[in-house]
Amino acid sequence: MTAFILTSFCTKEGYLPQGAPTSPALSNLVCLRLDHRLSTYCKKRALTYTRYADDLCISGNKILILQKSSYLIKEIISDEGFTINSKKEKFLGPKVRREVTGLTVTPKITISKKDYCVYRKRIYDLVRNEVSNKHEIIKGILSFVRSIDKEKEKKLSTFYLKQISIIGED
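Residues numbered from 1 in each chain as written. Predicted model: local features only at pLDDT ≥ 70, side-chain atom pairs only at ≥ 80, totals over all residues. Heavy atoms only, no water.

Draft legend 1. Region of the structure containing unusual backbone geometry. With a phi close to 55°, E13 is a non-glycine residue in the positive phi region. Residue placement: E13 occurs in the loop between α1 (2-10) and α2 (23-30). Relative accessible area serves as the criterion here: at 71%, E13 is assigned to the exposed category. Of note in this structure, A46 is not a glycine but carries a positive phi near 60°. If you trace the backbone, A46 turns up in the loop between α3 (32-44) and β1 (48-52). (Helix = DSSP H or I, 4+ residues; strand = E, 2+ residues; numbered from the N terminus. Buried < 20%, exposed > 50% of the residue type's maximum accessible area, 1.4 Å probe, protein only.)

Draft legend 2. Region of the structure containing the pattern of salt bridges. Counting across every chain of the model gives 7 salt bridges. The closest approach of N and O atoms between R37 and D79, which form a salt bridge, is 2.6 Å. Within this pair, whereas R37 is found in helix α3, its partner D79 is found in helix α4 (residues 63-79), the two being separated by 42 residues in sequence. By relative accessible area, which is 27% here, R37 ends up partly exposed. (Salt bridge = Lys/Arg side-chain N within 4 Å of Asp/Glu carboxyl O.)

Draft legend 3. Region of the structure containing the pairing of strand β2 (residues 55-59). The sheet contact formed by β1 and β2 spans 5 bridges and is antiparallel. The partner of T48 across the bridge, within β2, is S59. What sits between β1 and β2 in their antiparallel hairpin is a turn of 2 residues, with A53 showing a positive phi close to 55°. (Pairing = 2+ DSSP bridges.)

Draft legend 4. The arrangement of the side chain of S112 in detail. The topology assignment puts S112 in the loop between β5 (110-111) and α5 (113-128). For S112, a relative accessible area of 5% gives the class buried. Here D115 takes part through its backbone nitrogen, which lies 3.0 Å from a polar atom of the side chain of S112. (Polar contact = N/O pair within 3.5 Å; in protein donor to acceptor, adjacent residues only side chain to side chain.)

Draft legend 5. Up close: the side chain of D35. Its place among the elements puts D35 in helix α3. A distance of 2.5 Å separates a polar atom in the side chain of D35 from a polar atom in the side chain of Y49. Residue contacts for D35: discarding those within four places in its chain leaves Y49 and R51. (Contact = heavy atoms within 4.5 Å.)

Draft legend 6. Structural context of the state of the cysteines. Considering all chains together, one arrives at 0 disulfides under this definition. C10 takes part in no disulfide bond, and the closest cysteine sulfur, belonging to C31, lies 15 Å away. (Disulfide = S-S within 2.5 Å.)

Draft legend 7. Local environment of a nonpolar patch on the surface. Taken together, M1, F4, I5, L6 and F9 make up a surface patch of nonpolar side chains, about 630 Å² in accessible area. Among the structural elements, F4 can be located in helix α1. A relative accessible area of 59% means that F4 is categorised as exposed. (Patch = residues over 30% accessible without salt bridge, like charges linked within 9 Å, V, L, I, M, F, W, Y side chains within 5 Å. Areas by Shrake-Rupley, 256 points an atom, 1.4 Å probe, with all protein chains shown as cover.)

This is how it looks when you write it as structure tokens:
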């Protein structure tokens, strides 16, 4: 009975909806064994294992250790019933800009230049068009960017205020 109740909370018409509030918790439950196995393996080799939903990241300071570990890491992932999307698999050296879950993580954690431009354009479009809750949407964008990179949020806030003053909005 408990399983039925929990299933009814987590599904819609018999399916798991993408982006549901329950998704992170379910993802963590499904990946519990995988996380344990990979984090134990990585810790023994001075590697760092992180996961956000279905994005896995293994990092370390010694490329040779990463290269040697790659095969067994893939074996663990496969053994746990998961498939690696080879199009998303990346092996990056120390001088390469790295992105994880849409954030640029080198040399510091920030939003990518591409995403910054998307947010800037979105603010521009919102200010110039009749959208009932546009200022709340913009505040949400600015809040998200601030949580990652305060400098880029300041630039976007300045841009936002300038756009408001250009069209004469209060």
